Amino acid sequence: MLSPKPSEDDGSLPFVADSTRILACRVLRETFENPHIYHKVRGHAASILGRLCLLRAVGDDDGRVQAVREWVGCPELLKCARYLFLDAETELPKPNRFSDFDGYRQRLCCAVCLRACTCGYQDECSLPHSLPRSCTHNPIHTRRYLLRLSVIDALAVCREDARQQPGGSEATVQAWELLHVLLEYNDNSQNGAYSDGEYVAALLVALARACSSDPNEVEQTTILISRYLRREMLLPSYAHRVTCAALEAQQMLQYRRLVPLDLQVFLSHAKVGQSTQVRCAALASLAALTATQPNLLLHLLKLLAVEQIARVRHALLQALLNGPAALVRVRRLVDAPSQFNIDVVNTLWAYLNEGSSCDVRSRFLAASLYTVLFGDGHPECMRSHAEYAP
């Protein structure tokens, strides 16, 4: 008996011939490698390539036939990623080179005027070209940098989707290994005055997303996150992007229960005195954990009532609305007639009517949060309570 037909959005293709498999991989890879195509299209092709899997009919000893997924796109994506990131001889990451962003007049061909380059290797071009000074188009290397970020995300999506299927985690383990190597041996010493904060931040989040329940992967991922978080204390990145990404990565591991729950790291970064970006990231991480730790909800609402910075208030409310509040509602975590749930209702209601009087956006977000948590009518937790019964 064949297993049920997979959904249309999981990247699986029905039973197809080998020629169709080869054609699909070839089209996606050629799209990715074509430098004349818009970089977002190339990045999307890489994402589809990582999620591409086929169904094969495999028979067992009892004569039954089962549909087994084969992740045929992951090897092709890894070839493309190794070409972009690794040195062909040493198989170590190439040194970062972001200084080409503003050098198109001296040594780069224009991203739009491709006819100015005749070497045929636009992405790797280092020959001088005579471009008009009025040209203000972005250089090719800017698109190459954005493409690298897209490939990092595609590797994370590849492993994230595959580990949810039987045998997928083992079939795509090289995606996690490549992300780990890129982050562990990242070299920014030859990059001049250009920061690699956004690049490292993307790698940290991707590594946490790609991490499976294997103890070795969890340990190595945790070590790298802690290492970059400590380095940020001495050499902070622009807008503390690495710190924000490290907090998000730790939240992902704790949410999936791969590491023990440790709220102190988020609470310490959410205190007044940290930068606004770090506080927003820490509060967003705490908000994401409310689906598994409902007692955090009241604590966050109390912080909201005394917060003085509007941007932090908006970030906290939006983080609760981006999924955690809906999960709390679906799991009926605030429906029981307990004093805790009643305090949640009263705190949010007081902020909605008093604390947000001078902040229209906060009032709108708070009203949306109240509707998501308790609906349009009387809160369920108050209906059976004598003092608050309608």
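See the structure shown above.
Below or above, wherever it landed, is the structure these notes cover. (Residues numbered from 1 in each chain as written. Predicted model: local features only at pLDDT ≥ 70, side-chain atom pairs only at ≥ 80, totals over all residues. Heavy atoms only, no water.)

### Description of the state of the cysteines
Then step 1. Applying the stated rule across the entire model yields zero disulfides.
Then step 2. Here Cys74 stays free of any disulfide, with the sulfur of Cys158 as its closest cysteine sulfur at 3.6 Å.
Then step 3. With relative accessibility at 2%, the residue Cys74 sits in the buried group. (Disulfide = S-S within 2.5 Å. Buried < 20%, exposed > 50% of the residue type's maximum accessible area, 1.4 Å probe, protein only.)

### Re the packing of helix α7 (residues 173-184) against helix α8 (residues 197-210)
When two helices pack together, their arrangement is captured by the angle between the axes and the distance separating the axes.
Then step 1. Interaxial distance between α7 and α8 falls to 10 Å at its minimum, and their mutual angle equals 150°. In this view, α7 runs roughly antiparallel relative to α8, as classed from their interaxial angle. Considering only the axes of α7 and α8, their crossing is left-handed. On the side of α7, the interface is formed by Trp176, Leu179, His180, Leu182 and Leu183, while α8 contributes Tyr199, Val200, Leu203, Leu204, Ala206, Leu207 and Ala210.
Then step 2. Looking at the contact of α7 with α8, its residues break down into eleven nonpolar, one polar and no charged. (Axes fitted to C-alpha atoms, helices over the stretch in contact; angles between N-to-C directions. Helix = DSSP H or I, 4+ residues; strand = E, 2+ residues; numbered from the N terminus. Parallel < 35°, antiparallel > 145°, perpendicular 65-115°, else oblique. Left-handed = near helix turned anticlockwise from the far one by under 90°. Contact = heavy atoms within 4.5 Å. Nonpolar A, V, L, I, M, F, W, Y, C, P; charged D, E, K, R; others polar.)

### Examining a nonpolar patch on the surface
Then step 1. A contiguous nonpolar patch, built from Met233, Leu234 and Leu235 and spanning about 410 Å² of accessible area, is present on the exposed surface.
Then step 2. Relative accessible area serves as the criterion here: at 61%, Leu235 is assigned to the exposed category. (Patch = residues over 30% accessible without salt bridge, like charges linked within 9 Å, V, L, I, M, F, W, Y side chains within 5 Å. Areas by Shrake-Rupley, 256 points an atom, 1.4 Å probe, with all protein chains shown as cover. Salt bridge = Lys/Arg side-chain N within 4 Å of Asp/Glu carboxyl O.)

### Some points on the nonpolar core
Then step 1. Counting 97 residues, the largest nonpolar core has Phe85 and Leu204 as its most contacted members.
Then step 2. When residues in this core are grouped by element, the largest group, ten residues, is from α8.
Then step 3. Ignoring any residue separated from it by four or fewer positions in sequence, one finds Leu204 in contact with Leu183, Leu224, Ile225, Tyr228, Val242, Ala245, Ala246 and Ala249. (Core = buried A, V, L, I, M, F, W, Y, C linked by side-chain atoms within 4.5 Å.)

### A few points about the packing of aromatic side chains
Then step 1. In this structure the tally under the stated criterion is two aromatic pairs.
Then step 2. When the centroid spacing of 5.5 Å and the interplanar angle of 55° are considered together, the rings of Trp349 and Tyr370 count as tilted. Of this pair, Trp349 sits in helix α16 (residues 339-355) while Tyr370 sits in helix α17 (residues 360-374); the two residues are 21 residues apart in sequence, bridging distant segments of the chain.
Then step 3. Every member of this aromatic cluster is reached through a ring pair, and the members are Trp349, Tyr370 and Phe374.
Then step 4. Stacked on the ring of Tyr83, the Lys or Arg Lys94 has its end atom at 5.7 Å from the ring centre. (Phe/Tyr/Trp six-rings, centres within 6.5 Å; stacked < 30°, edge-to-face > 60°. Lys NZ or Arg CZ within 6 Å of the ring centre and 35° of its normal.)

### Thoughts on the side chain of Thr221
Then step 1. Positionally, Thr221 belongs in helix α9 (residues 215-234).
Then step 2. We classify Thr221 as buried; its relative accessible area is 0%.
Then step 3. When neighbours within four sequence positions are excluded, Thr221 is seen to be in contact with Trp176, Leu207, Ala208, Cys211 and Leu253.

### Describing the environment of Lys79
Then step 1. Note on placement: Lys79 falls in helix α3 (residues 73-85).
Then step 2. Taking the C-alpha atoms as reference points, Lys79 and Arg29, 50 residues apart in sequence, are found 9.5 Å from one another.

### As for the pattern of salt bridges
Then step 1. In the structure shown here, the tally under the stated rule is 13 salt bridges.
Then step 2. Between Arg26 and Glu30 there is a salt bridge, and its shortest N-O distance comes to 3.0 Å. Here Arg26 and its partner Glu30 are both found in helix α1 (residues 18-33), four residues apart, which amounts to about one turn of the helix.
Then step 3. Taking relative accessible area as the criterion, Glu30 reaches 45% and is therefore assigned partly exposed.
Then step 4. The closest approach of N and O atoms between Asp161 and Arg51, which form a salt bridge, is 2.8 Å. Of this pair, Asp161 sits in helix α5 (residues 140-162) while Arg51 sits in helix α2 (residues 39-51), and the two are 110 residues apart along the sequence.

### Concerning the environment of Thr290
Then step 1. Along the polypeptide, Thr290 turns up in the loop between α12 (276-288) and α13 (295-306).
Then step 2. The contact partners of Thr290, leaving out residues within four places of it in the chain, are Leu296, Leu297, Leu300, Leu320, Pro324 and Val328.

### Quick word on helix α14 (residues 310-321)
Then step 1. With twelve residues, α14 extends 17 Å between its outermost C-alpha atoms, agreeing within 8% with the 16 Å of an ideal straight helix rising 1.5 Å per residue.
Then step 2. For α14, every residue scored as buried is listed here: Val312, Arg313, His314, Leu316, Leu317, Ala319 and Leu320.
Then step 3. As for α14, its buried residues are in contact with α12, α13, α15 (324-330), α16 and α17.
Then step 4. Downstream of α14 by one or two residues, Gly323 has phi in the positive range, about 135°. (Expected span 1.5 Å × (residues − 1).)

Just distances and angles here, no functional claims.
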